[in-house]
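Residues per chain are reported as follows:
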Amino acid sequence: MVQRFCQPIHVTMSAVSPNVSNLPIQGKEASTRVSMSELDRLRHSCAHVMATAISRLWPDAQFAYGPPVENGFYYDLECSHRITPEDFPRIEEEMRKEIEADHPFERIEVTREQAMQDALRGRLGALQERPGQPSRYKLDLLQQIPEGEPITYYRNGDFIDLCAGPHVASTGRIGAFKLTSVASAYYKGDARNPQLQRIYGTAFPTREELERYFAMLEEAKKRDHRKLGQELGLFTLDPDYVGPGLPLWLPKGTVLCEEIEKLAKETEFRAGYLRVKTPHIAREKMYLTSGHLPYYADSMFPPMELGDEGEAGTAEGAPRVRYYLKAMNCPHHHRIFAAEPRSYRDLPLRLAEYGTCYRYEQSGELFGLMRVRCLNMNDAHIYCTPEQFAEEFNAVNQMYLEYFRIFGIERYVMRFSTHDPARLGEKYVNEPELWRQTEDMVRQVLKDSGIPYVEVPNEAAFYGPKIDVQVWSVIGREFTLATNQVDFAVPKRFGLVYRDRDNTDKTPLCIHRAPLGTHERFIGFLIEHYAGNFPLWLSPEQVRVLTVGDDPQARDYAASLVRELREHLVRVSADYEPVPIRAKIAAAEAAHVHTILVVGPRDRAAGQVSVRVHGKGNLGARPRAEVIADILAAIRERRP
RNA sequence: GCCAAUGUAGCUCAGUGGUAGAGCAACGGUUUCGUAAACCGUCGGUCGCCGGUUCGAAUCCGGCCAUUGGCUCCA
């Protein structure tokens, strides 16, 4: 079904995370006949009021869609005037007038003929008729309303809009509002359509709620991974010298990478994975065989060309050879599979690697650590028989759940992307039976394990169905953290086979999986998730020992504490500066050190240390051995 | 890639055509101190880059680069 009017599309999905309505749902698969929440109704009404105000200021404005969204509303429009945030006060002033006028939102049902005529006269999304300026987007929307469905206007004052509603009773019912930003958007989200101006705003029933929302945004800014990453010295971006989207991991951020990698290695070792290591580049032939070239060449760094002068081992005048930076690890792993004859007894074969890939993401897409051009992927490929598939796939899902538990990730949903049979042989590999089988198996595994999921048709990879794991950071940002894909096409392209019981060669299925996604995105997420307050096992600086005063004996005592902790591989530092303890505490807290151990003459005399944990304040003095044992246990158990 | 906004010291930010500023950090000194910041001083900038207007540009104009908000894309 086609998205209609200025009405938003809201899909109610039970049995999944309550935040699933944030998912980018395409209109085509959504129902328009779902009721709007009170708040959405208010916000959508506010969008009409904004359109009213903009029409007063710039009568040639042409409106398209104006739905409520998660945190407010927007309206897409075309207008000879380029609206900027400087215009907001004027627009808001007009909006206030419209709200004070308290015009009722009047629902008017009209015939298709009537609506067509009004649209042609420019009367829709407008204050009056605009001869010679048809309401072209409304006209287009009108034509998409199926025969037999009622066609309705909503009118407030002189402003009439083609809209399915619903709205609040009158403009006066809109409480507190504020315009927030301008952006551009393609009409109907299609790059071939004209670009419209999108004006974002938000609205709440009361002024207090509006203020609370902006206060919350301020708080969220403090947890932004880009800000914390820089404050805590985790990573840096150096677009001039290194390049856009190519993060440099600083020593403290590298600790995070390595701790996570350690966790992955341990988990995968227990699950029977074998580790491999592969180069960062490969010949063009690799990606011609995999099918990534030429279709995905735009997303890869341009090739390096060798030849003529004689690559080592090639003859003079040999043809040029192209090398590409790898954008994915699978082809390399496939070649490892191909490196020796495989028997069904070898399967499932699980090859794992924290592989470094390079993708030439579009410049406008780069975003802190979340969208980069160099990514370290928690990758693995599981080669298995169709009989083994369900069990292997389920084991992968269980691994996801285990990671979610360790990291305390509670808001997540799995997006199960399936193919569209109509596009077999075009967007999707033409293997109807394999598509059906694997999608059924994946669906069954998801159902059996009770994992929240949504099924999204026509978004599969070209070689098989996939699952994208979406999580929400505490500041409400949604991320696709990890991916889990079935591949029944590429192994065949590489001619991968195993010798089965019946002494014939068969092509294995391949599961691509990356539960921890990439270091870049996962750590970006964790920074916001923990607000920079990592659990002890992850903390770049786990312990800092501070001395009170300048007593040499206390200092020796502190130094022995540091030695002992370091001997146990605890990341410990010391601050012996002769400055007030308050200042040293403040510095350690500001650096988000997890555990602060304060030792002075009193502690030394008693064989104790004073413990202070970031965010928990002073926990008092305890015996030295006990404190050390506790720290080591918390690290070993990866306590949250 | 598209539309828009932004770019001043390591960081956060002031500075609307007339000699580039503050706080924090860093550095030097004083202070000898028990749980979130003692005091004094010093250093620090080709105002993103290139060009234009002007007697004179951080400031006005144009181009480019980068970042950000969206859009498109995402094997």
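Residues numbered from 1 in each chain as written. Chains lettered and ligands numbered in written order. Predicted model: local features only at pLDDT ≥ 70, side-chain atom pairs only at ≥ 80, totals over all residues. Heavy atoms only, no water.

1. Observations regarding the overall build of chain A
Step number 1: Each helix and strand counted, chain A has 17 helices and 29 strands in total.
Step number 2: Counting only C-alpha atoms and orienting by the principal axes, one finds that chain A spans roughly 85 × 75 × 55 Å.
Step number 3: Within chain A, buried positions represent 52% of all 640 residues.
Step number 4: Sequence separation of at least 24 residues holds for 71% of the intrachain contacts in chain A that already meet a minimum separation of 6.
Step number 5: Total accessible area on chain A is roughly 29,600 Å²; 51% of this is exposed by carbon and sulfur atoms.
Step number 6: One finds the centroid of the 81 positive side-chain charges in chain A at a distance of 2 Å from the centroid of its 88 negative side-chain charges. (Helix = DSSP H or I, 4+ residues; strand = E, 2+ residues; numbered from the N terminus. Buried < 20%, exposed > 50% of the residue type's maximum accessible area, 1.4 Å probe, protein only. Contact = heavy atoms within 4.5 Å. Areas by Shrake-Rupley, 256 points an atom, 1.4 Å probe, with all protein chains shown as cover. Lys, Arg positive; Asp, Glu negative; His and termini not counted. Charge placed at Lys NZ, Arg CZ, Asp CG, Glu CD.)

2. A closer look at a nonpolar patch on the surface
Step number 1: On the surface, Tyr241, Val242 and Leu248 cluster together to form a nonpolar patch covering roughly 330 Å² of accessible area.
Step number 2: In this structure, Leu248 sits in strand E10 (residues 248-249). (Patch = residues over 30% accessible without salt bridge, like charges linked within 9 Å, V, L, I, M, F, W, Y side chains within 5 Å. Salt bridge = Lys/Arg side-chain N within 4 Å of Asp/Glu carboxyl O.)

3. Some remarks on the sheet that holds strand E26 (residues 572-575)
Step number 1: Taking strand neighbours across the sheet as the criterion, the five strands line up as E26-E25-E27-E28-E29 in an open arrangement whose pairing is mixed. What marks the edges here is a single partner per strand, and that holds for E26 and strand E29 (617-623). Shown here is a sheet whose adjacent strand axes are inclined to one another by a mean of 25°, direction ignored.
Step number 2: Inspection of the sheet shows strand E25 (residues 543-547) paired to strand E27 (residues 595-599) by five bridges, in the parallel sense. By the bridge assignment for E27, Val543 is matched with Thr595. (Pairing = 2+ DSSP bridges. Axes fitted to C-alpha atoms, helices over the stretch in contact; angles between N-to-C directions.)

4. Quick look at the pattern of salt bridges
Step number 1: Inspection of the entire model under this criterion finds 46 salt bridges.
Step number 2: Note that Arg226 and Asp224 form a salt bridge whose closest N and O atoms lie 2.6 Å from each other.
Step number 3: Residue class for Asp224 comes out buried when judged on its relative accessible area of 9%.
Step number 4: For the salt bridge of Arg624 with Glu564, the shortest nitrogen-to-oxygen distance reads 3.0 Å. Of this pair, Arg624 sits in helix H17 (residues 624-636) while Glu564 sits in helix H14 (residues 552-567), and the two are 60 residues apart along the sequence.
Step number 5: When its relative accessible area of 17% is taken as the criterion, Arg624 is described as buried.
Step number 6: The exposure class of Glu564 is partly exposed, given its relative accessible area of 29%.
Step number 7: Within the structure, one salt-bridge network assembled from shared partners comprises Glu433, Arg436, Asp440, Arg443 and Glu455.

5. Thoughts on the sheet that holds strand E22 (residues 498-499)
Step number 1: The three strands lie next to each other as E15-E22-E23, forming an open sheet whose pairing is mixed. Looking at which strands have only one partner, the edges of the open sheet turn out to be strand E15 (342-343) and strand E23 (505-506).
Step number 2: Here E15 runs beside E22; their pairing, made up of two bridges, is parallel. Its bridge partner lying in E22, Ser343 is registered against Arg499.

6. Quick look at the pairing of E27
When a strand is regular, its side chains alternate between the sheet's two faces.
Step number 1: Judged by how many residues are buried, E27 sits mostly within the fold: five of five residues are covered.
Step number 2: Burial along E27 is two-sided: the face carrying Thr595, Leu597 and Val599 and the face carrying Ile596 and Val598 are both buried.

7. Re the protein's contact with RNA strand B
Step number 1: In the region of RNA strand B, 55 residues are neighbours, and Gln195, Ser299, Glu365, Pro578 and Arg582 sit closest.
Step number 2: Atoms of RNA strand B within 4 Å of the protein belong to the sugar or the phosphate in 51% of instances, the rest to bases.
Step number 3: Contact between RNA strand B and Gly364: a base nitrogen at 3.5 Å from a main-chain N or O atom of the residue.
Step number 4: Secondary-structure elements contributing two or more residues to the surface near RNA strand B are strand E7 (176-186), strand E8 (195-204), helix H6 (225-231), helix H15 (581-590), helix H16 (601-606) and strand E28 (608-613).
Step number 5: It is H15 that contributes the most residues to the surface near RNA strand B, seven residues altogether. (Near = heavy atom within 4 Å. Polar contact = N/O pair within 3.5 Å; in protein donor to acceptor, adjacent residues only side chain to side chain.)

8. Concerning the nonpolar core
Step number 1: Ranked by internal contacts, the top residues of the largest apolar core, which has 85 residues, are Phe389, Phe407, Val471, Leu526 and Leu538.
Step number 2: In terms of residue count, the dominant contributor to this core is helix H10 (residues 386-407) (nine residues).
Step number 3: Core analysis: the second largest hydrophobic core is formed by 30 residues, Ile54, Ile99, Cys163 and Leu179 among them. (Core = buried A, V, L, I, M, F, W, Y, C linked by side-chain atoms within 4.5 Å.)

9. Concerning helix H7 (residues 251-270)
Step number 1: Counted at 1.5 Å a residue, the expected span for H7 with its 20 residues is 28 Å, and the 29 Å between its end C-alpha atoms agrees.
Step number 2: Restricting attention to buried positions, one finds in H7 the residues Gly253, Val255, Leu256, Cys257, Glu259, Ile260, Leu263, Ala264, Thr267 and Glu268.
Step number 3: Just past H7, the residue Gly272 takes up positive phi, approximately 85°. (Expected span 1.5 Å × (residues − 1).)

10. Remarks on the packing of H7 against helix H13 (residues 519-529)
Step number 1: Where H7 meets H13, the axes come as close as 11 Å, and the angle between the chain directions of the two elements is 105°. Taken as axis vectors, H7 and H13 run roughly perpendicular relative to one another. Packed against H7, whose contacting residues are Leu256, Cys257, Ile260 and Glu261, the element H13 presents His519, Phe522, Ile523 and Leu526 at the interface.
Step number 2: For the contact of H7 with H13, the residue count by class is six nonpolar, one polar and one charged. (Parallel < 35°, antiparallel > 145°, perpendicular 65-115°, else oblique. Nonpolar A, V, L, I, M, F, W, Y, C, P; charged D, E, K, R; others polar.)

11. A short note on unusual backbone geometry
Step number 1: Note that the residue after Leu347, namely Pro348, is joined by a cis bond; omega there is -5°.
Step number 2: One non-glycine residue, Asp102, lies in positive phi territory at about 55°.
Step number 3: Relative to the helices and strands, Asp102 is located in the loop between helix H2 (88-101) and strand E4 (106-110).
Step number 4: Given the relative accessible area of 38%, Asp102 is considered partly exposed.
Step number 5: Even without being glycine, His592 reaches a positive phi, approximately 55°.
Step number 6: Position of His592 among the secondary structure elements: in the loop between H15 and E27.

12. Things to note about H15
Step number 1: Of all the positions in H15, only Lys584, Ile585, Ala588 and Glu589 are classed as buried. All buried residues of H15 lie within an arc of 135° about the axis, which places them on one face of the element. Facing away from the buried side of H15 by over 90 degrees, the exposed positions are Arg582 and Ala590.
Step number 2: Elements that come into contact with the buried residues of H15 comprise E25, E26, E27 and E28.
Step number 3: In the segment just after H15, His592 is the residue with positive phi, at about 55°. (Arc of directions from axis to C-beta.)

13. So, the packing of H7 against H10
Step number 1: At a closest axis distance of 12 Å, the pairing of H7 and H10 adopts a crossing angle of 140°. When the axis of H7 is compared with that of H10, the two are oblique. The handedness of the crossing between H7 and H10 is right-handed. Between H7, through Leu263, Ala264, Thr267 and Glu268, and H10, the contact on the second element is made entirely by Met399, Tyr403, Ile406 and Phe407.
Step number 2: For the contact of H7 with H10, the residue count by class is six nonpolar, one polar and one charged. (Left-handed = near helix turned anticlockwise from the far one by under 90°.)

These results come straight from atomic positions and should not be treated as a statement about function.
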